[in-house]
Amino acid sequence: MSAAAALPGEPKVDLAAARAHGLTGAEFAAIERILGRVPTFTELGVFSVMWSEHCSYKSSRKHLKTLPREGANVVVGPGENAGAIDVGDGWVAVFKIESHNHPSYVEPYQGAATGVGGILRDIFTMGARPIASMDSLKFGAIDHPRTRYLVNGVVGGIGGYGNCVGVPTVAGEVMFDPGYNGNILVNAFSLGLARREDLQSARARGVGNPVLYVGSATGRDGIHGASLLASAEFDAESEAKRPTVQVGDPFTEKLLIEACLEAIKTGAIAAIQDMGAAGLTSSSSEMAGRGGLGVELDLDRVPLREPNLSPYEILLSESQERMLIVAEHGREAELAAVFEKWDLHAVVIGAITGDGRWRARFRGGVVADIPVAALSDAAPLYDRPAAPPGRAPIETRPAAAVARPEPAAAMRALIASPNVASRRMVFRQYDSLVLSNTVAGPGGDAAVLRIKGSRRGLALKVDSNPRACALDPYLGAIATVCEAARNVACVGARPAAITNCLNYGNPERPEIMWQFVRGVAGLGDSARAFNTPVISGNVSFYNETEGRAIPPTPTIAVVGTFADVSLNIKHCFSLPGDLVVLVRTAPPSLAASEYADLFRVAGGALAPIDLVRERRLLDGLVECAQRRLLRSAHDVSEGGMAVALAEACFDSDRGLGAEIEPVATDGDAEAWFGEGASSVIVSAPAENLKAIRDIFAPLEVRPVGRVAAAARLKLGRWFDEDVATLRRLYEEALPGRLGRHD
Amino acid sequence: MRAKVFVTPRKGILDPQGRAVEGALKSLGFGAIGNVRVGRFITLEIDAPSRAEAESAVRQICERLLANPNIEDFRFEVDAE
Amino acid sequence: MRAKVFVTPRKGILDPQGRAVEGALKSLGFGAIGNVRVGRFITLEIDAPSRAEAESAVRQICERLLANPNIEDFRFEVDAE
Amino acid sequence: MKWGVVRFPGSLDDGDALWALRDVLGQEAAPLWHKEESLGGAECVVLPGGFSYGDYLRCGAIARFSPIMKSVARFAADGGLVLGICNGFQILCEAHLLPGALTRNRSLAFVCDFVDLRVENPSTPFTRAAHRGETLRLPIKHGEGCYVAPEDELRQLEERGQILLRYVDERGEATDAANPNGSMRSIAGVANDRFNVFGLMPHPEHAVEAALGGVAGRKIFESIAGAAR
Ligand SMILES: Nc1ncnc2c1ncn2[C@@H]1O[C@H](COP(=O)(O)OP(=O)(O)O)[C@@H](O)[C@H]1O
Ligand SMILES: [Mg+2]
């Protein structure tokens with residue numbers, strides 16, 4: 001039996017205190033059983049964060065296990081701080097995506113900034129140098145009174161942090177939808193590169209090895225922050241109980257990146273992990289847990305930003321820019337020297353033990369003494385009931401209450417609609433060039449990065465499709481994976497692996513759990529079909545305000561690889577006279593489309609998706625790129641084919657246009673503005689058409705027009721417009737609605 | 001009337017600017033300096049029938065725009081001139 | 001001793017922050033406000049044998065680090081406490 | 001020719017400058033650590049982009065006190081060539097090696113984009129590979145790139161030809177719309193009155209490869225390499 005004593009003046013620990021900490025009666029009883037006594041107040045805090053949804057994945061673990069995690073290219077699967085794949089020539093790409101939704105709603109600039117900081121630490125803790133970031137953003141309706149403030153804060157924070165640490169933000173997505181009015185989503189992705197032999201682990205080893213603390217001092221930041229906020233619904237009352245907001249310090253992060261990567265090279269590090277949610281507690285117990293060992297911490301040695309923090313506060317603080325390192329015994333001084341070079345101080349605050357216990361000492365006494373396993377593997381696991389809502393959510397809009405607009409007007413409105421218009425005002429605030437790897441930055445389909453000293457390269461994109469997921473959480477998840485993979489294949493890269501952030505409402509409600517389970521199934525099925533294992537990810541539940549959940553939003557990032565990055569394909573037309581060709585897996589529909597949303601018409605149900613045909617499309621794009629058959633390729637997404645054609649003309653320098661033959665009845669909305677099934681617009685010399693047909697067979701490959709020297713876009717007989725005019729609509733829409741930036 | 005507004009990082013909140021300045025001063029040899037906090041100083045002119053009304057307007061402005069209540073405190077002075 | 005330092009954009013120098021605040025105030029309906037200038041407000045603690053010595057140190061700090069004489073003015077106060 | 005690229009703890013484009021010089025342009029270039037005073041025999045010192053010491057106070061305000069900057073100041077006084085890119089430009093202004101100052105962009109937002117620049121004075125060591133009025137397309141990425149200086153200073157800069165680059169539109173005119181940050185007189189780069197110190201907000205090191213942003217930046221590096229020869 002363990003001994004840990006309460007501190008004088010500490011609150012009493014009982015069932016009520018446990019409930020206030022978000023623990024259930026059964027969970028509290030389990031804690032008493034594990035310890036053989038009533039926990040101390042400090043221990044109660046520790047259990048509450050480690051057993052929170054955020055840290056324990058207690059509602060999702062069972063389902064996440066069904067995802068395909070293995071593949072020939074997988075070097076590190078889920079379980080470590082981030083996953084890693086082999087990308088050739090001895091390089092591995094390490095990547096992950098994470099949510100920072102609630103903190104960003106409360107304090108948009110710092111919330112988003114610290115979200116970027118957190119995901120970067122997950123990457124360099126693996127021994128990889130972060131080389132690219134992406135951001136997936138969901139805001140409320142564009143005219144909602146808080147939206148403008150939130151956009152400015154979130155985008156400012158992402159840029160403010162990413163730009164200052166020197167990691168380019170190369171792609172992302174932004175969506176506006178009233179479903180996020182009270183609960184925005186900020187999902188941050190980061191990718192790093194490492195030599196395979198330099199990969200680090202967060203698995204503690206070596207009884208007696210010292211535990212080092214590096215980085216910013218500990219303050220009262222975010223205590224019961226991320227973990228509890230992310231585990232409890234949001235309402236007006238919680239605004240008042242706000243914990244101390246975390247403030248990001250990107251300069252310290254930059255020092256940590258350089259110092260940690262240099263320290264790793266010494267070989268004196270046995271294990272390393274960032275202090276993320278539940279800070280010192282989770283990092284120390286997780287490292288010990290993975291290694292099957294114990295750890296003892298001396299809290300009096302933890303560097304503090306202000307005096308008189310209690311052990312509870314020290315252990316639960318979520319102060320940013322802190323790392324925990326298990327050093328090889330006797331090599332502390334070597335590590336300290338590296339950190340001094342970067343003006344950081346490494347402090348020994350404890351040691352690895354062999355007794356499998358997680359123990360914390362403070363002012364001569366033991367304040368927590370818990371079996372490590374109880375905090376990690378033995379955390380509760382739930383199989384929550386899942387059931388579809390009583391009524392199928394298909395027709396949420398009044399069917400054809402409004403007459404469909406005249407097609408040319410619809411085109412102009414779509415080009416300027418908040419979910420289609422240019423995202424330049426957002427990505428212009430991000431340094432997308434630093435590190436000199438960005439072959440294609442934001443603005444095209446997927447971002448393209450080269451790997452210096454090699455012919456190889458990477459492509460990345462993050463996507464989500466909450467409208468489709470709201471109609472059918474299973475098909476919606478599949479459609480999302482298809483879109484992200486298609487974006488990657490459009491630039492010519494082979495989709496290689498997936499990371500995901502699953503944003504849903506309260507899992508204690510069966511219909512939300514059902515959305516989640518169906519989403520995971522869709523993700524799993526498509527990942528298997530594309531041979532793109534899911535190597536890392538994050539679950540964000542409780543995205544609700546006053547009982548209203550966000551639309552189910554699995555955010556999917558796909559990373560692809562190039563054997564030869566010089567074969568990458570741009571999304572814009574490049575030569576007059578080239579054939580414009582539509583390649584698609586099935587006819588489009590208005591279901592879950594921007595057109596249906598904008599003009600409030602009934603879009604109907606989602607059609608089933610044939611993953612074999614989807615795979616054919618991806619493989620075909622990659623093969624076309626490798627054989628240099630295409631001069632451009634652009635994915636059809638929001639706004640359908642008509643919008644995709646316009647976007648393919650928007651290249652500032654060349655000033656080309658296109659003439660597209662009537663593809664259907666003139667102005668037929670399904671044909672021109674439909675979405676749904678996968679479609680790609682490619683341009684190619686006419687003589688390549690046969691080869692392209694052969695590659696994509698049996699998919700529909702249909703020449704629809706020509707690239708034109710005159711900068712006009714002509715669509716059938718119903719649309720004929722100057723490209724510059726269209727482009728102005730496209731570029732000025734968001735600045736016009738959200739406040740111009742120059 | 002003229003108003004001066006002082007916005008400071010709230011106690012307990014990390015102040016990376018203050019830390020950076022403190023570090024720089026130390027390395028410049030100003031060792032006897034500590035607890036540096038960096039905030040904003042805003043001056044403005046305001047037309048109001050009375051000082052009390054000016055004060056109430058400035059307070060509102062601080063709350064709504066000049067200070068971020070999540071991380072900052074503010075104080076202000078209004079002088080008739 | 002405690003020192004307060006006020007750094008303000010020099011007259012004639014463009015102050016985009018001040019302008020942005022002014023614009024935002026107008027659109028929030030605070031029309032009677034003008035000439036907004038946004039500067040920095042720095043507080044620090046200083047150990048010095050006398051107030052005069054503290055003042056001379058703070059002046060140096062302002063000149064060397066806290067303000068850029070090309071574009072900013074500064075003012076400071078030192079209080080014994 | 002031998003180049004030294006200064007590395008402050010928060011430098012970000014130092015690796016890019018080294019890459020451009022060494023791997024792309026085949027020059028001899030080495031990093032210089034901010035805590036040291038040696039310039040390693042460099043014939044041109046580059047102060048790269050980034051956030052030298054976090055730059056939370058004012059960009060470049062703290063960097064100017066670093067040991068390496070003492071040497072850079074001495075080197076410049078002796079006529080050595082110094083190139084400050086972005087943060088490097090800010091540092092040179094703070095260190096009074098260049099006139100004026102760089103303040104928050106007029107938009108108050110960070111801006112990353114490609115801009116057109118007009119070469120105003122091609123008879124300097126930094127621009128001699130270009131011709132007068134030539135347009136260079138280079139990327140910018142900064143939050144504090146608004147160049148300001150007193151009126152009489154600006155007049156002098158103009159008269160002495162110290163303004164080397166201006167932001168222009170596609171027709172080569174220095175319009176307000178083409179000015180990305182509100183810089184006075186659309187100034188993107190200035191030299192000192194001896195023309196051995198040059199600071200610019202755009203990033204020539206990010207425009208030396210056709211596949212990655214064009215090759216206009218080579219003009220700057222080739223000018224310097226040619227001048228030293
Ligand atoms: N938040 C963001 N950050 C960076 N880049 C973004 C962001 N949002 C959109 N982009 C970029 O804008 C382009 C269009 O994005 P999106 O509409 O999502 O493309 P698609 O419809 O092909 O998926 C892409 O290049 C994307 O990377
Ligand atoms: Mg998209």
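Presented here is a report on the structure given in the accompanying data block. Computed from a predicted structure; not experimentally measured.

Overview of the overall build of chain A
1) Next: The helix and strand inventory of chain A stands at 26 helices and 28 strands.
2) Next: In terms of C-alpha radius of gyration, chain A reaches 26 Å, essentially the compact-globule figure of 27 Å for 742 residues.
3) Next: By principal-axis analysis of the C-alpha atoms, chain A measures approximately 85 × 55 × 45 Å.
4) Next: Within the span of chain A, comprising 742 residues, buried residues form 65% of the whole.

Looking at the interface of chain B and chain A
1) Next: Taken residue by residue, the interface counts 8 residues in chain B and 14 residues in chain A.
2) Next: Where chain B abuts chain A, roughly 1,000 Å² becomes buried across the two surfaces, and 51% of that area is made up of carbon and sulfur atoms.
3) Next: Ionic pairing is found between Arg19(B) and Asp249(A), a salt bridge with its closest N-O pair at 3.5 Å.
4) Next: Here chain B and chain A share 6 residue pairs in polar contact (both at pLDDT 80 or more) between them.
5) Next: Considering only residue class, the side of chain B that touches chain A consists of 4 nonpolar, 3 polar and 1 charged.

A closer look at the nonpolar core
1) Next: Ranked by internal contacts, the top residues of the largest apolar core, which has 124 residues, are Leu65(C), Leu83(D) and Tyr147(D).
2) Next: Residue contributions to this core peak at 9 residues, all from helix α11 (residues 250-265) of chain A.
3) Next: Here Leu65(C) is in contact with Val21(B), Ala24(B), Leu25(B), Leu57(D), Arg58(D), Ala61(D), Ile62(D) and Phe65(D), once residues within four sequence places are set aside.
4) Next: Counting 67 residues, the second largest nonpolar core, distinct from the first, contains Leu64(A), Ala468(A), Ala527(A) and Leu629(A).

Here we look at the site of ligand 1
Residues and elements named next belong to chain A.
1) Next: Taken together, 21 residues surround ligand 1, and among them Asp135, Gly443, Gly444, Lys461 and Ser637 come closest.
2) Next: A distance of 2.6 Å separates an oxygen atom of ligand 1 from a polar atom in the backbone of glycine 444.
3) Next: Computed on the free molecule, ligand 1 has an accessible area of 550 Å², of which 92% lies beneath the protein chains in the complex.
4) Next: When residues of the shell around ligand 1 are traced back to their parent elements, those giving at least two are β4 (129-139), β5 (169-176), α17 (424-427), β16 (457-463) and α19 (473-490).

With respect to the pattern of salt bridges
1) Next: Taken as a whole and judged by the stated rule, the model has 77 salt bridges over all chains.
2) Next: Ionic pairing is found between Lys690(A) and Asp694(A), a salt bridge with its closest N-O pair at 2.8 Å. Taken together, the residues span about one helical turn, with Lys690(A) and Asp694(A) both in helix α25 (residues 689-696) at a distance of 4 residues.
3) Next: A relative accessible area of 48% means that Asp694(A) is categorised as partly exposed.
4) Next: Across the pair Asp13(D) and Lys141(D) runs a salt bridge whose closest N-O atoms are separated by 2.7 Å. Of this pair, Asp13(D) sits in the loop between β1 (2-7) and α1 (14-24) while Lys141(D) sits in strand β7 (residues 135-142); the two residues are 128 residues apart in sequence, bridging distant segments of the chain. The same class applies to Asp13(D) as to Lys141(D), namely buried.
5) Next: Salt bridges here are not isolated pairs; linked through shared partners, they connect Glu296(A), Asp355(A), Arg357(A), Arg359(A), Arg361(A) and Asp369(A).

Digging into the packing of aromatic side chains
Residues and elements named next belong to chain A.
1) Next: Applying the stated rule across the entire model yields 23 aromatic pairs over all chains.
2) Next: On the numbers, 5.9 Å between centres and 35° between planes, the contact of phenylalanine 95 with phenylalanine 189 is tilted. Pair noted here: phenylalanine 95 is in strand β3 (residues 91-99) and phenylalanine 189 is in strand β6 (residues 185-195), with a separation of 94 residues, a long-range link. The exposure classification of phenylalanine 95 matches that of phenylalanine 189, with both residues buried.
3) Next: Summarising the aromatic geometry, the rings of tyrosine 595 and phenylalanine 673 are spaced 5.4 Å apart at their centres and angled 10° between planes, so their arrangement reads as stacked.

Things to note about the packing of helix α7 (residues 108-124) of chain A against α11(A)
Residues and elements named next belong to chain A.
1) Next: Taken N-terminus to C-terminus, the directions of α7 and α11 make an angle of 5°; their axes are 11 Å apart at the nearest point. Compared by their axis directions, α7 and α11 come out roughly parallel. Of α11, the residues touching α7 (which contributes Gly117, Leu120, Arg121 and Phe124) are Glu253, Leu256, Ile257, Cys260, Leu261 and Ile264.
2) Next: Classifying every residue of the contact of α7 with α11 gives 7 nonpolar, 1 polar and 2 charged.

So, the coordination of the magnesium ion (ligand 2)
1) Next: Within the protein, the atoms that donate to the magnesium ion (ligand 2) are Asp463(A) (OD) and Glu483(A) (OE), at distances of 2.6 Å. In this pair, Asp463(A) sits in strand β16 while Glu483(A) sits in helix α19, placing the two residues 20 residues apart along the sequence.

A word on the sheet that holds strand β21 (residues 553-562) of chain A
Residue and element names in this part refer to chain A.
1) Next: Read from one edge of the open sheet, 6 strands run β14-β15-β16-β21-β17-β18, paired in mixed fashion. Each edge of the open sheet is held by one strand with a lone partner, namely β14 (438-440) and β18 (534-540). With strand direction ignored, the average angle separating the axes of adjacent strands in the sheet is 20°.
2) Next: Examined bridge by bridge, strand β17 (residues 494-503) and β21 share 9 bridges and lie antiparallel to one another. When the sheet's bridge partners are listed, alanine 497 is paired in β21 with valine 559.

Remarks on the environment of Asp221(A)
1) Next: Within the fold, Asp221(A) resides in the loop between β7 (210-215) and α9 (226-229).
2) Next: Residue Asp221(A) is classed as buried on the basis of its relative accessible area, which comes to 1%.
3) Next: Taking C-alpha positions, Asp221(A) is 5.0 Å from Ser319(A), a pair spaced 98 residues apart along the chain.
4) Next: If near-sequence neighbours (up to four positions away) are discounted, Asp221(A) is found in contact with Thr244(A), Val245(A), Gln246(A), Arg305(A), Ser317(A), Glu318(A), Ser319(A), Gln320(A) and Gly12(B).

A short note on the sheet that holds strand β11 (residues 197-200) of chain D
Residue and element names in this part refer to chain D.
1) Next: Within the open sheet, the 9 strands sit side by side as β2-β1-β3-β4-β11-β10-β9-β6-β7. Their pairing is mixed. Either end of the sheet is taken by a strand with one partner, and the two such strands are β2 (28-33) and β7. With strand direction ignored, the average angle separating the axes of adjacent strands in the sheet is 25°.
2) Next: Sheet analysis places strand β6 (residues 111-119) next to β7, joined by 8 bridges and oriented antiparallel. Looking at β7, one finds that cysteine 112 is bridged to lysine 141.

Things to note about the interface of chain C and chain B
1) Next: Listed per partner, the contact involves 30 residues of chain C and 31 residues of chain B.
2) Next: Both sides together, the interface formed by chain C and chain B hides about 2,600 Å², and carbon and sulfur atoms give 68% of it.
3) Next: At the junction of chain C and chain B, the tally comes to 0 salt bridges.
4) Next: Joining chain C to chain B, the criterion identifies 10 residue pairs in polar contact (both at pLDDT 80 or more).
5) Next: Elements with a contribution of two residues or more to the side of chain C that touches chain B: β1 (2-9), α1 (16-27), β2 (33-46) and α2 (51-66) of chain C.
6) Next: For the side of chain C that touches chain B, the leading source of residues is β2(C), giving 14 residues.
7) Next: A class-by-class count of the residues in the side of chain C that touches chain B yields 18 nonpolar, 7 polar and 5 charged.
8) Next: Pairing of strand β2 (residues 33-46) of chain B with β2(C), which is carried by 11 bridges, proceeds in the antiparallel orientation. Paired with Gly34(B) across the strands is Glu45(C), a residue of β2(C).

Some details on α25(A)
1) Next: Where α25(A) is concerned, the buried positions are Leu689(A), Ile692(A), Ile695(A) and Phe696(A). One side of α25(A) holds all its buried residues, which, seen down the axis, span an arc of 125°.

Things to note about the relation of the copies chain C and chain B
Mapping one chain copy onto the other needs a rotation about an axis and a shift along that axis.
1) Next: Once turned by 180° and shifted 0.0 Å along the axis, chain C lies on chain B with an RMSD of 0.2 Å. Here the copies are linked by what is in effect a two-fold axis. No C-alpha of chain C approaches the rotation axis more nearly than that of Arg40(C), which lies at 2.2 Å.
2) Next: Comparing interface residues between copies, 100% of those in chain C also lie at the interface in chain B; the contact surface is shared.

Quick notes on helix α20 (residues 510-530) of chain A
For an α-helix, 3.6 residues make a turn, and residues three or four places apart therefore share a direction.
All names here are of chain A.
1) Next: With 21 residues, α20 extends 30 Å from end C-alpha to end C-alpha; this agrees with the ideal 30 Å at 1.5 Å per step.
2) Next: The set of residues buried in α20 consists of Ile512, Met513, Gln515, Phe516, Gly519, Val520, Gly522, Leu523, Gly524, Ser526, Ala527 and Phe530.
3) Next: Downstream of α20 by a residue or two, asparagine 531 has a phi angle that is positive, lying close to 55°.

Scoring rules and cut-offs
Residues numbered from 1 in each chain as written. Chains lettered and ligands numbered in written order. Predicted model: local features only at pLDDT ≥ 70, side-chain atom pairs only at ≥ 80, totals over all residues. Heavy atoms only, no water. Helix = DSSP H or I, 4+ residues; strand = E, 2+ residues; numbered from the N terminus. Rg over C-alpha atoms; globule rule 2.2 N^0.38 Å. Buried < 20%, exposed > 50% of the residue type's maximum accessible area, 1.4 Å probe, protein only. Contact = heavy atoms within 4.5 Å. Buried area = accessible area lost by both parts, 1.4 Å probe. Salt bridge = Lys/Arg side-chain N within 4 Å of Asp/Glu carboxyl O. Polar contact = N/O pair within 3.5 Å; in protein donor to acceptor, adjacent residues only side chain to side chain. Nonpolar A, V, L, I, M, F, W, Y, C, P; charged D, E, K, R; others polar. Core = buried A, V, L, I, M, F, W, Y, C linked by side-chain atoms within 4.5 Å. Near = heavy atom within 4 Å. Areas by Shrake-Rupley, 256 points an atom, 1.4 Å probe, with all protein chains shown as cover. Phe/Tyr/Trp six-rings, centres within 6.5 Å; stacked < 30°, edge-to-face > 60°. Axes fitted to C-alpha atoms, helices over the stretch in contact; angles between N-to-C directions. Parallel < 35°, antiparallel > 145°, perpendicular 65-115°, else oblique. Donors = N, O, S within 2.8 Å, 3.2 Å for Na, K, Ca; no water. Pairing = 2+ DSSP bridges. Arc of directions from axis to C-beta. Least-squares fit on C-alpha atoms with pLDDT ≥ 70 in both. Expected span 1.5 Å × (residues − 1).

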